[in-house]
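Secondary and tertiary structure notes
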Amino acid sequence: MTTEPRTPRPILDQEAVLTHLHDARRHQTPSALWTVVGDVPVLLAEVDRLARLLSRTRWDFANLLAAGQATLAADQDGESDPLAYLRDEVAQHRTWVPPDTGELTQ
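**Concerning the packing of helix α1 (residues 14–27) against helix α2 (residues 30–76)**
- Where α1 contacts α2, the two axes come as close as 8 Å, and the packing angle between them is 145°. Here α1 runs over α2; the crossing is left-handed. The residues of α2 that touch α1, namely those facing Val17, His20, Leu21, Asp23 and Ala24, are Ala32, Leu33, Thr35, Val36, Asp39 and Leu43.
- Taken together, the residues of the contact of α1 with α2 sort by class into seven nonpolar, two polar and two charged.

Dropping the structure here:
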């Protein structure tokens with residue numbers, strides 16, 4: 001197992017968005033306000049991306065939990081290879097490529 005964190009990295013410059021917001025509050029010029037409005041689509045895209053990642057994480061957890069339960073039941077039933085359920089699910093998890101990043105998760 002790797003010790004690298006798997007936290008998704010933001011796709012936007014949060015500091016820049018905050019700076020735009022503070023400038024718009026401070027100056028209240030049309031230019032400053034339009035700059036903040038221009039940040040909205042980027043923020044919405046980030047919310048959507050994080051929602052998709054959360055959904056995928058929940059599915060992964062549910063699938064791994066189901067595989068673990070199937071493994072325990074198979075062991076209790078005396079199947080010859082009860083770990084097959086868990087091996088299959090872990091193998092699928094290791095080869096999944098996240099959308100929009102092209103990075104392989106392991």
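What follows picks up the thread again.
**A look at the environment of Leu86**
- As for its position among the elements, Leu86 is in helix α3 (residues 84–94).
- Accessibility expressed as a relative area gives 29% for Leu86, which makes it partly exposed.

**Considerations on the pattern of salt bridges**
- Overall, the coordinates contain five salt bridges when judged by the stated rule.
- Across the pair Arg52 and Asp48 runs a salt bridge whose closest N-O atoms are separated by 3.3 Å. Separated by four residues within a single helix, Arg52 and Asp48 lie in helix α2, roughly one turn from each other.
- When its relative accessible area of 36% is taken as the criterion, Arg52 is described as partly exposed.

**Overview of the packing of α2 against α3**
- Where α2 meets α3, the axes come as close as 8 Å, and the angle between the chain directions of the two elements is 160°. One finds that α2 runs roughly antiparallel with respect to α3. Crossing geometry of α2 relative to α3 is assigned as left-handed. Contact with α2, carried on its side by Asp60, Asn63, Leu64, Ala67, Gly68, Ala70, Thr71 and Ala74, involves Tyr85, Leu86, Glu89, Val90 and His93 of α3 and no other residues of that element.
- Here the residues of the contact of α2 with α3 sort into seven nonpolar, four polar and two charged.

**Notes on the side chain of Glu89**
- Within the secondary structure layout, Glu89 lies in helix α3.
- The charged side chain of Glu89 is buried without a salt bridge, its nearest counter-charge being Arg56 at 6.6 Å.
- Excluding anything up to four places from it in sequence, Glu89 contacts Asn63, Leu64 and Ala67.

**Looking at the side chain of Thr71**
- If you trace the backbone, Thr71 turns up in helix α2.
- A distance of 3.4 Å separates the side chain of Thr71 from the backbone oxygen of Pro82, its partner in a polar contact.
- Thr71 has contacts with Pro82, Leu83, Tyr85 and Leu86, leaving out every residue within four places of it along the chain.

The rules behind the values
Position numbers for residues count from 1 along each chain, tracking the sequence in the order it is written. With pLDDT at 70 or above as the cut-off, local features in this predicted model cover only qualifying residues; side-chain atom pairs require 80 or more to be listed or tallied, and sums for whole chains, interfaces and linings still use all residues. Excluded from the side-chain calculation are hydrogens and water; included are all heavy atoms of the structure. The axes are straight lines fitted to the C-alpha atoms, using for helices just the contacting stretch, and the angles between their N-to-C directions are given from 0 to 180°. Every helix listed is a DSSP run of H or I at least four residues long, and every strand listed is a run of E at least two residues long, numbered separately from the N terminus. A crossing counts as left-handed when the near helix is turned anticlockwise from the far one by less than a right angle, and as right-handed when that turn is clockwise. Should any heavy atoms of two residues lie within 4.5 Å, those residues are counted as being in contact. Note on residue classes: Ala, Val, Leu, Ile, Met, Phe, Trp, Tyr, Cys and Pro are nonpolar, Asp, Glu, Lys and Arg are charged, and everything else, Gly too, is polar. For every residue, the accessible area (1.4 Å probe, protein chains only) is compared with the maximum for its type, and the residue is labelled buried under 20%, exposed over 50%, or partly exposed between those bounds. We count a salt bridge whenever a side-chain nitrogen from Lys or Arg sits within 4 Å of a carboxyl oxygen from Asp or Glu. Note on angle classes: values under 35 degrees are labelled roughly parallel, values over 145 roughly antiparallel, values of 65 to 115 roughly perpendicular, and the remainder oblique. Here Asp and Glu are counted as negative and Lys and Arg as positive; His is not counted, and neither are the chain ends. Polar contact is defined as a pair of N or O atoms within 3.5 Å, subject to the rule that within protein one atom must be able to donate a hydrogen and the other to accept it, and that residues adjacent in sequence are counted only when both atoms are side-chain atoms.

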